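Residues per chain, in single letters:
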Amino acid sequence: MGKNILFCAAAALAILSSCEEWEPVYTFDYGTPGTFKEYDDASITADGATFIDIADLAARYKVGRGPVFIGDNVVIKGKLSSSDRSGNIYKSLYIQDGTGGMEIKMGRTSLYNEFSEGETIYVRCEGLTIGMYGYKSGSGNGMIQIGFADPDPDSDYDTSYMDLQLLVDQHVFHGAKGAPVKPAVLTEDQLPNKESTVVTCPYLGELVTLKGLRYGNEIFALLYLDSQLDTKQPSNRIFLSGAQWGVTTWAMTKNKMASYLESGIWDEAEVGSGATRLGKVGDKEYKANNYAAIQRAAYSVSQYFKMGKTDIQIRTSGYSRFCDYEIPADVLDGSRTIDVTGILTLYQGSIQFTLIDYDSIVYSDGGAMPAILK
C-alpha cells in the first residue's frame, strides 16, 4: 500500500514535470560528493534480489511496442560514467557495466554533488519502467532509459522522472567509489546504425571517444515563436537544419539566440513544419519591431560532424556552461579535426553525442580547445 501511495504521488508530479526539453540547470557547487552509506553486492541482494546485466534488462523492451513495467526483483549494477557539473546532462545519470549503458531518470539537477564519476551505482528495478526516448517509426531507434511510467496518456514519452527523493532512495543506491570510467575509443565500423539497440551495440549509453571528427557545415535546432503555446503546432515552429545558419557556437543562451536572430542570418528560415509553411523569418510580420514576434530563449543545438562518412550530432544544451563558446575557425573551415569524449546515444535512428564538459573536446593533433566565451 505504501509503495502505491508513493507511486501515485510521483505520478502526479510527473504529469507536471515530464519533458525532455532542457530547462535552466543551476549546478550549485558544494564541493566534492558527500559521504553516503555504501552498499555491496551482498547487502543489495539480501532480500533475495538478483542481478541482471544492463543489456539483458534492455532486451525486455521490444522496439515499437511501448514501455515495459519491471515487476520482478532485479538489480542492475554499473559504473557512473556521466556528470551534470557542466549542465550538459539533464536530471539523469548514465551507468555502464560492460554489456551496455543505461540512462537513469533521476529528476534532479546538481547530481554531481552526491554522485561521483566512477562510483558503483546499484538500481533496484522493481516498480520502474523501461522505455525508449527518441524512437520514430520509419526513422529508427532511440535510447533506452528507466524511470517511472509516464502517467499522461497523451505523452510522447515512455517514462517520467523519479522526482521525489523518497522514491530515488528506494531505487538508487551508492556503491564503492572508484576511478573514473575509461572511455572506449571507437572506430567508424563500431558505431550504431539506425536499428541498433544496446543488445546489438554495447557502446550505446556508454562513455566513448570518437576521433578525427570533421565539421559538417550543418546544424539542427528547433525554435518556438512562443514556448508557452502548443510547441507541436507548425505555426509555432522554426527549424534550423540543412545548413550552418551562421551558428558558430556549440549552442545558444537566450542572449546569444537574440544576437543571431537580430543579425538577420535566419531571415530565409521557414516558419512551420511538415507540409505547413507560413512564410519566412525575414517576412514583415515576423521581422517587424526587431523580430518581436519570435521569442528569445536558450536553445539546444546539434552541430553536425563527420566521422568518416558517418554523421555525428554533437548536441549541446543552451543551459550548459560552455554553450556560447565559439567553435574554433580552423575547425569550422575543416582544416583541423577534433576528438570528443561523451555519451553515445541514438535519436530517431541518428547518432547523438552528449559531451560531459568542454574539456571533452580536443584537437585531433593533441591541442586543447581555446576557452573563447560569448
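This structure is a prediction, so every number in the text was calculated from the model and none was measured.

When you look at the overall build of the chain in this model, what are you seeing that I'm missing?
Looking only at helices and strands, the chain has seven helices and 20 strands in total. Looking at the chain residue by residue over its 374 residues, the buried ones come to 52%. Partitioning the intrachain contacts of the chain with sequence separation of at least 6 by distance along the chain shows that 70% fall at a separation of at least 24. When the accessible surface of the chain is totalled, it reaches about 16400 Å², and 51% of it is carbon and sulfur.

Sorry if this is basic, but what is going on with the pattern of salt bridges here?
Think of it this way: side chains of opposite charge can pair up when their charged atoms draw near. Scanning the model with the defined rule gives 11 salt bridges in all. When the shortest N-O distance is used, the salt bridge between Glu114 and Arg108 registers 2.7 Å. For the pair Glu114 and Arg108, one class covers both residues: buried. The salt bridge partner of Arg336 is Asp330, with a shortest N-O separation of 3.2 Å. Residue classification places Arg336 among the partly exposed positions, given a relative accessible area of 25%. Taken together, the shared-partner salt bridges connect Asp330, Arg336 and Asp365 into one network.

What is the right way to read unusual backbone geometry from this model?
A negative phi holds for most residues other than glycine; trans holds for most peptide bonds. Even without a glycine there, the phi angle at Lys91 is positive, about 55°. By the secondary structure assignment, Lys91 is in the loop between strand 3 (74-80) and strand 4 (92-96). Here the phi dihedral of Gln348 falls at roughly 50°; this positive angle occurs in a residue that is not glycine. For Gln348, the position within the fold is in the loop between strand 18 (338-347) and strand 19 (350-355). On the accessibility criterion, Gln348 (27% relative accessible area) is partly exposed.

Even after reading the chapter, I still don't get the pairing of strand 16 (residues 301-307), so can you show me in this structure?
Remark: a regular strand shows side chains that alternate across the two faces of the sheet. Across the seven residues that make up strand 16, a large majority, six, are buried. Both strand 12 (residues 207-224) and strand 16 contribute to a ladder of four bridges, which runs antiparallel. When the sheet's bridge partners are listed, Ile219 is paired in strand 16 with Gln303. With seven bridges connecting them, strand 16 and strand 17 (residues 310-316) associate as antiparallel partners. For Tyr304, the partnering residue across the bridge sits in strand 17 and is Gln313. The hairpin formed by strand 16 and strand 17 contains two residues between the paired strands, and Gly308 there has a positive phi angle of roughly 65°.

Could you clarify how one ought to interpret the nonpolar core in this entry?
Soluble globular proteins tend to pack their nonpolar side chains together in the buried interior. Among the nonpolar cores identified, the biggest contains 87 residues, and Ile76 and Ile104 are the most heavily contacted of them. If near-sequence neighbours (up to four positions away) are discounted, Ile76 is found in contact with Ile52, Asp53, Ile54, Leu57, Ile95, Met102, Ile104, Ile121, Tyr122, Val123, Cys125 and Ile146. In terms of nonpolar packing, the next biggest core, distinct from the first, is built from six residues, Tyr94, Leu207, Ile343 and Ile356 among them.

What counts, and where the lines are drawn
- Within each chain, residue numbers correspond to sequence positions counted from 1 in written order.
- Under the rules for a predicted model, residues below a pLDDT of 70 receive no local features and side-chain atom pairs below 80 are neither given nor counted, while totals for whole chains, interfaces and linings still include all residues.
- Here the side-chain values reflect all heavy atoms present in the structure, with hydrogen atoms and water set aside.
- Counting from the N terminus, the helices are the DSSP runs of H or I reaching at least four residues and the strands are the DSSP runs of E reaching at least two.
- Throughout, exposure labels follow a simple rule: accessible area from a 1.4 Å probe, protein chains only, divided by the maximum for the residue type, with under 20% read as buried, over 50% as exposed, and the rest as partly exposed.
- Contact between two residues is taken to exist if any of their heavy atoms lie within 4.5 Å; hydrogens are not considered.
- Note that accessible areas follow from Shrake-Rupley with a 1.4 Å probe, and for residues the cover is restricted to the protein chains shown.
- Within this document, salt bridges are pairs made up of a side-chain nitrogen of Lys or Arg and a carboxyl oxygen of Asp or Glu, the two lying within 4 Å of each other.
- Two strands are counted as paired when DSSP detects at least two bridges linking them.
- Side-chain atoms within 4.5 Å are what join buried Ala, Val, Leu, Ile, Met, Phe, Trp, Tyr and Cys residues into a set we call a nonpolar core.

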